[in-house]
Amino acid sequence: MVDKRLLARLQKLLDRTGAKVVLSSTWRLDPVGLFAAKHWAVPFIDVCPDKPRSPRRKEILDWLSDHPKAAHYAIIDDEDDELDELPLFQPSAQTGITMDIVKAAEKYLNGETDKTMRASAVVRLGQNIHSLFKRNKS
């Protein structure tokens, strides 16, 4: 469920930047997922609100709106659910967070650059279309 190497990379990023984790993944919606995150010591401090009819971008922006002190942030997500305008560092679903992403996000969070790491525009467009169809329509 949790790859210890990937979790160690995330922890390295947090240690080097002082950043905190807010879950926006589907884990936050599933009691088993939250239990697993806690069991494996995924260091999160909060979760984004659940807005089933909205893209993840809206959930993240709503959380940020409720927490104005969180002015500088980075998003690490293998999907792009309308995250084009946000500082996204996008690992592949196959590899997870790599050391290249850790280094790039560290530079971004420490104010050394404004560069992000995203999949190609074609891949992101496909992910956005896929996200539209998997949202809860109820």
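Quick note: structure is the one above.
Residues numbered from 1 in each chain as written. Predicted model: local features only at pLDDT ≥ 70, side-chain atom pairs only at ≥ 80, totals over all residues. Heavy atoms only, no water.

**A closer look at the overall build of the chain**
Part 1 of the reasoning: The number of helices and strands found in the chain is 5 helices and 4 strands.
Part 2 of the reasoning: Going through the 138 residues of the chain one by one, you find that 35% of them count as buried.
Part 3 of the reasoning: For the chain, the proportion of contacts with a sequence separation of at least 24, taken over those separated by at least 6, is 56%.
Part 4 of the reasoning: Counting only carbon and sulfur atoms, one obtains 56% of the accessible surface of the chain, whose full area is about 8,500 Å². (Helix = DSSP H or I, 4+ residues; strand = E, 2+ residues; numbered from the N terminus. Buried < 20%, exposed > 50% of the residue type's maximum accessible area, 1.4 Å probe, protein only. Contact = heavy atoms within 4.5 Å. Areas by Shrake-Rupley, 256 points an atom, 1.4 Å probe, with all protein chains shown as cover.)

**Examining a positive patch on the surface**
Part 1 of the reasoning: The grouping of Lys12, Lys103, Lys107 and Lys115 at the surface amounts to a positive patch.
Part 2 of the reasoning: For Lys12, the location among the structural elements is in helix α1 (residues 4-17). (Patch = residues over 30% accessible without salt bridge, like charges linked within 9 Å, V, L, I, M, F, W, Y side chains within 5 Å. Salt bridge = Lys/Arg side-chain N within 4 Å of Asp/Glu carboxyl O. Lys, Arg positive; Asp, Glu negative; His and termini not counted. Charge placed at Lys NZ, Arg CZ, Asp CG, Glu CD.)

**Considering the pairing of strand β2 (residues 44-47)**
Part 1 of the reasoning: Relative to β2, strand β1 (residues 21-23) is paired through 3 bridges, and the arrangement is parallel. Considered in β2, the bridge of Val21 is made with Phe44. (Pairing = 2+ DSSP bridges.)

**Here's the deal with helix α3 (residues 56-66)**
Part 1 of the reasoning: Within the sequence span of α3, burial applies to Arg56, Glu59, Ile60, Asp62, Trp63 and Leu64.
Part 2 of the reasoning: Check the buried side of α3 and you find it contacts β1, β2 and β3 (75-76).

**What about the pattern of salt bridges?**
Part 1 of the reasoning: With the rule as written, the count across this model stands at 7 salt bridges.
Part 2 of the reasoning: Notably, a salt bridge pairs Glu59 with Arg28, separated by 2.8 Å at the nearest N-O pair. With Glu59 in helix α3 and Arg28 in the loop between β1 and α2 (31-39), this residue pair connects regions lying 31 residues apart in the sequence. Residue Glu59 shares its accessibility class with Arg28, and that shared class is buried.

**A word on the side chain of Glu59**
Part 1 of the reasoning: Residue Glu59 is classed as buried on the basis of its relative accessible area, which comes to 6%.
Part 2 of the reasoning: Reaching out from Glu59, the side chain makes a polar contact with the side chain of Arg28 at a distance of 2.8 Å.
Part 3 of the reasoning: Those residues within four positions of Glu59 in sequence are excluded, and the remaining contacts are Arg28, Cys48, Pro49, Asp50, Lys51 and Pro52. (Polar contact = N/O pair within 3.5 Å; in protein donor to acceptor, adjacent residues only side chain to side chain.)

**Comments concerning the side chain of Asp62**
Part 1 of the reasoning: Checked against the element boundaries, Asp62 lands in helix α3.
Part 2 of the reasoning: Classification of Asp62 as buried rests on a relative accessible area of 17%.
Part 3 of the reasoning: Contact partners of Asp62, with chain neighbours within four places excluded, come to Pro49 and Lys51.

**A word on the environment of Asp84**
Part 1 of the reasoning: Relative to the helices and strands, Asp84 resides in the loop between β3 and β4 (88-89).
Part 2 of the reasoning: You can call Asp84 partly exposed: its relative accessible area is 37%.
Part 3 of the reasoning: Measuring from C-alpha to C-alpha, the distance between Asp84 and Arg57 comes to 8.7 Å, with 27 residues separating the pair along the chain.

**Observations regarding unusual backbone geometry**
Part 1 of the reasoning: At Ala41, a residue that is not glycine, the phi angle is positive and equals roughly 60°.
Part 2 of the reasoning: The topology assignment puts Ala41 in the loop between α2 and β2.
Part 3 of the reasoning: Judged by relative accessible area, which is 51%, Ala41 ranks as exposed.

Don't take any of this as a statement about function, it's just geometry.
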